[in-house]
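# Descriptive structure summary
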Amino acid sequence: MGGAGRDREAVERPVPWVGFSLACLCVLGFAYARIQASAIDAAADSQLIVAADYFRAHPYLAVPSVLAGRIDASTAQHLRQQHEVNQQRLGASPHLPQLVMREQVELDRLAQQVALKLEGRPEKRFGMIATERNPVTFVSHLFLHAGSAHLALGMLLLIAFGCSLEAAWGSVITLCGVSAAVLGSVGVFLLKQPELAQPLIGTSGLVAGFVGASAVRLVGSRGSRGLWPLLILALVALWLPPWLGAEWSIARDLGAAPPLRGGWNPSMWALVGGLGSGAGFALAVWLLGLERLSAWEDVEMQPRRGGHVAEVERALQKRSAGAQAPRLAGESGSTGGEPSVARAAVELDPATAAKAAWQALGSMDIDPETRRVLEELLAPLVAGASDPAVAQEIEPERGARVRPAQSATSNFDEETEPAGIEVPAFDRELELVSAVPLGLDETGLLIAAGQARKRVCCDRISAIAVAVVEELADRPVIVIDLVLNWKSPLEEPLKVIRLRTDAFDPRSLVEGESDPLAAVRALGASLLQKTGATPLPDEDSIRGEPFAAFKSLQEYQRHVLLIASDD
């Protein structure tokens, strides 16, 4: 199987459930608000017509604010002037003050009925109103939007930036970031608009927090400079509508003053609060090193269990690397799954299947039935290997994956199991420095070792080793060792700088890679190209085609670094 096929291997990425859940709740909240508002508006509209007709019959009364949408100031003035002309033409006497007062009370009562109906609208019940400060509305206001355009813009930015942050931070940290952005947005809004009676609605403050957090994460990222225009565009999309007077995030009452055009509107304070709190939270995550705790930051991905070909390919990779194949989906403690894997492997790649079968037959824990099936599958493969190159290719490899020298005259012996290559190990001292890579350029690698920061020049690295070590942590970890004196005498300690993928994000060192495994492959290939170092155990492993795999760190050091000590 070629390396390109492995690069396309399906991996199970964690679902960004925080981002998708927020988006789904916003869509459901919008649909609910539209349904409820339609019923309430229909009932209020009939009462509004009654109140408006009453005013037209008594235009000398004061216009309630709830009628401002139906009867504006110019219309009211025109009705009054026309009423006065009619009164003078008829020679009617002025209205009695007591009668005018009684009629004003009746008009106010009709207007109050309309206002009470409108109080039942979802944005009035669940929007965040500064004068009331109901803690429940600190969250519920997120799921209400003024219209389809408001919802579409919010969801686009929420999914684009929220899911990106969740991929980097993990769901738990992202949920904490959501809380920080919402509280910061609401806090600044309440501080600057304490007397505003109109409710704040929408996700603009939260999205502004995501944009601020993304900006902080990009400050130290070398390979993501192309995202800055997208961040600036997002800020413009959030800021421009309220500046132009489309104050979506403030659900204004009937008769309320319209928003300013080209001025500072109340919802802008929510944007400022969200932007600042999101950036502050991202800075805290970076300073505390919490991003490394995210499960998504571990580059060792597991294949999807749904695809049989992916299972077979992973098993063959493990076999060819010299490690015992993992049990596959559907197995229950026995090795009953081995024959099915082997049969499928024969169809995919006979040579690799033969190596996998030899490795399996060398195991002490397979049952007799599995051994019989593997021997039957191996027999025709061995019999067909008359070509010396093919015979050499299917010879089993050891854990270090060191290939034996090619021989033009050697033939595969059908009756004799090939002997593995014994890799010599030396009782050599190992001087190890654990480090975290910070940046890679043409001249070298910048690392952090403890509290110190150092630059390792490319010409100082004489060998590079890359391998998967299964028992190094809770999950397999890819180890990248930079050997500074590979060709030195055996009496001299082997000096190694060790990088572990559970301690850094490889995507920050490789431009244009969003997949962690692909970033590790690209990092290995880049280091090999820049340094010209000796690849250990071989060049394919450095490039992840596939990675060599070992059960323990001691096994890896013995087969790859040739260190016999268990230190």
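The paragraphs below set out a description of the structure included in this document.

Cut-off values and rules
- Residues numbered from 1 in each chain as written.
- Predicted model: local features only at pLDDT ≥ 70, side-chain atom pairs only at ≥ 80, totals over all residues.
- Heavy atoms only, no water.
- Axes fitted to C-alpha atoms, helices over the stretch in contact; angles between N-to-C directions.
- Helix = DSSP H or I, 4+ residues; strand = E, 2+ residues; numbered from the N terminus.
- Parallel < 35°, antiparallel > 145°, perpendicular 65-115°, else oblique.
- Left-handed = near helix turned anticlockwise from the far one by under 90°.
- Contact = heavy atoms within 4.5 Å.
- Nonpolar A, V, L, I, M, F, W, Y, C, P; charged D, E, K, R; others polar.
- Pairing = 2+ DSSP bridges.
- Patch = residues over 30% accessible without salt bridge, like charges linked within 9 Å, V, L, I, M, F, W, Y side chains within 5 Å.
- Areas by Shrake-Rupley, 256 points an atom, 1.4 Å probe, with all protein chains shown as cover.
- Salt bridge = Lys/Arg side-chain N within 4 Å of Asp/Glu carboxyl O.

## With respect to the packing of helix α7 (residues 148-169) against helix α10 (residues 228-243)
- Interhelical geometry of α7 versus α10 gives an angle of 150° and a closest axis separation of 11 Å. In terms of orientation, α7 and α10 fall into the roughly antiparallel class. Both α7 and α10 take part in a crossing whose hand is left-handed. Contacts from L153, L157 and F161 in α7 reach L230, L231, A234, A237 and L238 in α10.
- Residue composition of the contact of α7 with α10, by class: eight nonpolar, no polar and no charged.

## Points about the pairing of strand β3 (residues 452-457)
- When strand β2 (residues 444-449) meets β3, the two strands line up antiparallel, connected through six bridges. Its bridge partner being in β3, G444 is matched across the sheet by C457.

## So, the pairing of strand β1 (residues 430-440)
- Where β1 lies against strand β6 (residues 494-500), six bridges are found, and the strand directions are parallel. Directly across from E431, in β6, lies its bridge partner K495.
- With four bridges joining them, β1 and β2 adopt antiparallel strand pairing. Across the sheet, the residue bridging to G439 is L446, located in β2.
- The turn joining β1 and β2, which pair antiparallel and follow one another in sequence, is formed by three residues.

## A closer look at unusual backbone geometry
- With an omega dihedral of -5°, the bond running from L536 to P537 counts as a cis peptide bond.
- Note the cis peptide between E545 and P546, where omega equals -5°.
- Locating P546 in the fold gives a position in the loop between α18 (539-542) and β8 (548-550).
- With a phi angle near 55°, R133 is a residue other than glycine that sits in the positive phi range.
- Along the chain, R133 falls in the loop between α5 (122-126) and α6 (137-140).

## Overview of a nonpolar patch on the surface
- On the surface, I232, V236, W239, L240, W243, L244, W264 and V272 cluster together to form a nonpolar patch covering roughly 710 Å² of accessible area.
- Here the nonpolar patch takes five residues from α10, the largest share from any one element.
- Note on placement: W239 falls in helix α10.

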